[in-house]
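A closer look at the structure
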Amino acid sequence: MISIKSEKEIELMRIAGKINYQTHKLLESKIRPGITTKELDKIAYDYILANNGTPSFLNYEGYPASICTSINEEVVHGIPSNRKLKEGDIISIDIGVIYKGYHSDSAWTYPVGKISEEKQNLLNYTREALFEGIKEVKAGARLHSIGAKVEQYALKHNLGVVKELVGHGVGTNLHEDPDVPNYGKYDTGLVLKEGMTIAIEPMLNLGTEKIFLLDDDWTIITQDNKPSAHFEHTVLVTKDGYEILTGDE
Ligand code: MF3
Ligand code: CO
């Protein structure tokens, strides 16, 4: 079932989204060679609680941390640890916040110090692919137009589109209907309605789209060990378009 949020619920999701965005900004300011992903996790945990939120990932299906930290060839769900970030790494940080029962979900991939040109392109193109998808959102538009645009843009830049993992509805649960794939046929799929809230989250790879689950049962990496990037926003469908709930507007 796809839920339609009332104005009151949307207001709570805006707050959940704002805490999420501010946590991202705080972590971005802390990223540097030498910091561990566990330290980033602790900073996020403290900040979310101090702002009356709850980190939704903590204990979600047994997940052991507040954020996901996925470095280089890690696609998603990397677990914070004592690993230190190194100059030239890229790190995807995925954050989930609950505020008064309502969820926000947002991921961003950050450079650590100076990175290679090909990694910088991967970040730029994946962020742009997310916005290509977001621009399709509008009451009356069809769901798969989002994925069609993401995929088209990614393929134009020769990137692998991860297909086994998808975006999703978001609201009183972290994962709700519908699935929001990062591929598909333009102008097909369900009709978007005002008041739906969805997480759009392309995961694009410098090499193969194929992925592999590590023995920790969480961390997903690329099969060819080439770098991967992940950008995600929680987005509200409006009459005339969209509102990004996890951004700064
Ligand atoms: N943000 C992820 C998603 O969009 C969820 C993380 S799974 C968790 O699906 F276990 F880490 F919580
Ligand atoms: Co998500």
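Refer to the preceding data block for the structure.
Please read all numbers here as calculations on a predicted model, not as lab measurements.

**Section: the sheet that holds strand β15 (residues 242-244)**
The 5 strands lie next to each other as β8-β7-β9-β14-β15, forming an open sheet whose pairing is antiparallel. Edge positions in the sheet fall to β8 (176-180) and β15, since each has one partner strand and no second. Along the sheet, successive strands turn relative to each other by an average axial angle of 25°, direction set aside. Sheet analysis places strand β7 (residues 167-169) next to strand β9 (residues 197-200), joined by 2 bridges and oriented antiparallel. Within β9, the residue paired with Gly169 across the bridge is Ile198. Running over the sheet, helix α3 (residues 117-134) touches β9, β14 (233-237) and β15 and is turned about 15° from β14.

**What to know about the environment of Ser70**
Within the fold, Ser70 resides in strand β2 (residues 67-71). In sequence terms Ser70 and Ile221 are 151 residues apart; their C-alpha atoms lie 8.7 Å from each other. If we ignore the near neighbours within four places in the chain, the residues touching Ser70 are Val75, Val76, His77, Gly78, Ile90, Ile91 and Ser92. A polar contact is formed between the side chain of Ser70 and the backbone nitrogen of His77, at a distance of 3.4 Å.

**Observations regarding the pairing of β2**
A large share of β2 lies buried, amounting to 5 of its 5 residues. Residues of β2 alternate between two faces, with Ile67, Thr69 and Ile71 on one and Cys68 and Ser70 on the opposite face, all of them buried. Sheet topology note: the β2/strand β4 (residues 90-99) ladder contains 5 bridges and is antiparallel. Within β4, the position partnered with Ile71 by the bridge is Ile91.

**Examining the pattern of salt bridges**
Scanning all chains against the criterion turns up 11 salt bridges. Close ionic contact of Glu243 with Arg14 constitutes a salt bridge, the shortest N to O distance being 2.6 Å. A residue pair is termed long-range when its members are at least 10 positions apart, and Glu243 in strand β15 and Arg14 in helix α1 (residues 7-30) qualify at 229 residues. Relative accessible area serves as the criterion here: at 25%, Arg14 is assigned to the partly exposed category. One salt-bridge network, held together by shared partners, links Glu7, Glu11, Arg14 and Glu243.

**Observations regarding the coordination of the cobalt ion (ligand 2)**
Around the cobalt ion (ligand 2), the protein contributes the donor atoms Asp105 (OD), His168 (NE2), Glu201 (OE) and Glu232 (OE), which lie 2.1 to 2.3 Å from the metal centre. Sequence spacing among the residues donating to the cobalt ion (ligand 2) works out to D-x62-H-x32-E-x30-E. Within this pair, whereas His168 is found in strand β7, its partner Glu201 is found in the loop between β9 and β10 (203-205), the two being separated by 33 residues in sequence. Owing to a relative accessible area of 4%, His168 belongs among the buried residues under this scheme.

**Remarks on α3**
Each α-helix turn comprises 3.6 residues. Residues three or four places apart therefore point the same way. For α3, with 18 residues, the first-to-last C-alpha span of 26 Å sits near the 26 Å given by 1.5 Å per residue. Buried residues of α3: Lys119, Leu122, Leu123, Thr126, Ala129, Leu130, Glu132, Gly133 and Ile134, and no others.

Rules of the game
Residues numbered from 1 in each chain as written. Chains lettered and ligands numbered in written order. Predicted model: local features only at pLDDT ≥ 70, side-chain atom pairs only at ≥ 80, totals over all residues. Heavy atoms only, no water. Pairing = 2+ DSSP bridges. Helix = DSSP H or I, 4+ residues; strand = E, 2+ residues; numbered from the N terminus. Axes fitted to C-alpha atoms, helices over the stretch in contact; angles between N-to-C directions. Contact = heavy atoms within 4.5 Å. Polar contact = N/O pair within 3.5 Å; in protein donor to acceptor, adjacent residues only side chain to side chain. Buried < 20%, exposed > 50% of the residue type's maximum accessible area, 1.4 Å probe, protein only. Salt bridge = Lys/Arg side-chain N within 4 Å of Asp/Glu carboxyl O. Donors = N, O, S within 2.8 Å, 3.2 Å for Na, K, Ca; no water. Expected span 1.5 Å × (residues − 1).

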